[in-house]
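If you want the building blocks of each chain, they are given just below.
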Amino acid sequence: PILVNGKKFVGCIIICMEKEDAFREVDRILINDIAAMLGANIYCKRMRQSSDRSNKVAREMLHSMIPAKVIEKIECFWDVKS
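Conventions adopted
Residues numbered from 1 in each chain as written. Predicted model: local features only at pLDDT ≥ 70, side-chain atom pairs only at ≥ 80, totals over all residues. Heavy atoms only, no water. Helix = DSSP H or I, 4+ residues; strand = E, 2+ residues; numbered from the N terminus. Rg over C-alpha atoms; globule rule 2.2 N^0.38 Å. Buried < 20%, exposed > 50% of the residue type's maximum accessible area, 1.4 Å probe, protein only. Contact = heavy atoms within 4.5 Å. Areas by Shrake-Rupley, 256 points an atom, 1.4 Å probe, with all protein chains shown as cover. Lys, Arg positive; Asp, Glu negative; His and termini not counted. Charge placed at Lys NZ, Arg CZ, Asp CG, Glu CD. Pairing = 2+ DSSP bridges. Patch = residues over 30% accessible without salt bridge, like charges linked within 9 Å, V, L, I, M, F, W, Y side chains within 5 Å. Salt bridge = Lys/Arg side-chain N within 4 Å of Asp/Glu carboxyl O.

K.L.:
Any details on the overall build of the protein chain? Residues and values, ideally.
P.N.:
Across its full length, the protein chain holds two helices and two strands. Taken from N to C terminus, the helices and strands of the protein chain fall in the order β-β-α-α. What you see for the protein chain is a C-alpha radius of gyration of 22 Å, clearly larger than the 12 Å of a compact globule of 82 residues, by over 25%. Structurally, the protein chain occupies a C-alpha span of about 70 × 20 × 20 Å along its principal axes. Burial status across the protein chain gives 7% buried among its 82 residues. Long-range pairs, those at least 24 residues apart, make up 40% of the contacts in the protein chain with a sequence separation of at least 6. For the protein chain, the exposed surface amounts to about 7300 Å²; the carbon and sulfur share of it is 60%. Between the averaged position of the 14 positive side-chain charges in the protein chain and that of its 11 negative side-chain charges there is a distance of 9 Å.

Structure follows, in structure tokens:
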């Protein structure tokens, strides 16, 4: 299974072999590690999307409260990604 944050199921890796118990223990460990990495990647992407949404809402709130001329003067101090 592919788990996000160690507990939330988001998918699975299915690998079929004709022979029963074709995978050795090291193969199973490798497949589990790959699933863990995929889960971590999905988690990071979701966290990044959440952060981007939060940043967008914060900017919209800022622009609604502060006049445009003031924002133009202070934008040079902001991080390009924020």
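Having put the structure on the table, let's press on.
K.L.:
Outline the pairing of strand β2 (residues 8-11), listing residues and values.
P.N.:
Where strand β1 (residues 2-4) and β2 come together, three bridges link them in antiparallel fashion. In the sheet register, L3 faces β2, and the bridge partner there is F9. A loop of three residues connects β1 with β2, the two strands running antiparallel in sequence, and N5 in this loop sits at a positive phi of about 60 degrees.

K.L.:
Which residues make up the environment of I14, and what values go with them?
P.N.:
The residue I14 is located in the loop between β2 and α1 (25-65) in this model. Residue I14 is classed as exposed on the basis of its relative accessible area of 67%. Here the alpha-carbon distance between I14 and A36, two residues 22 residues apart in the chain, equals 14 Å.

K.L.:
An account of a nonpolar patch on the surface is requested, with residue identities and associated values reported.
P.N.:
On the surface, I13, I15, M17, L30, I34, M37 and L38 cluster together into a nonpolar patch covering about 630 Å² of accessible area. Looking at where I15 falls in the secondary structure, it is placed in the loop between β2 and α1. A residue is classified by how much of its surface remains accessible, and I15, at 44% relative accessible area, is partly exposed.

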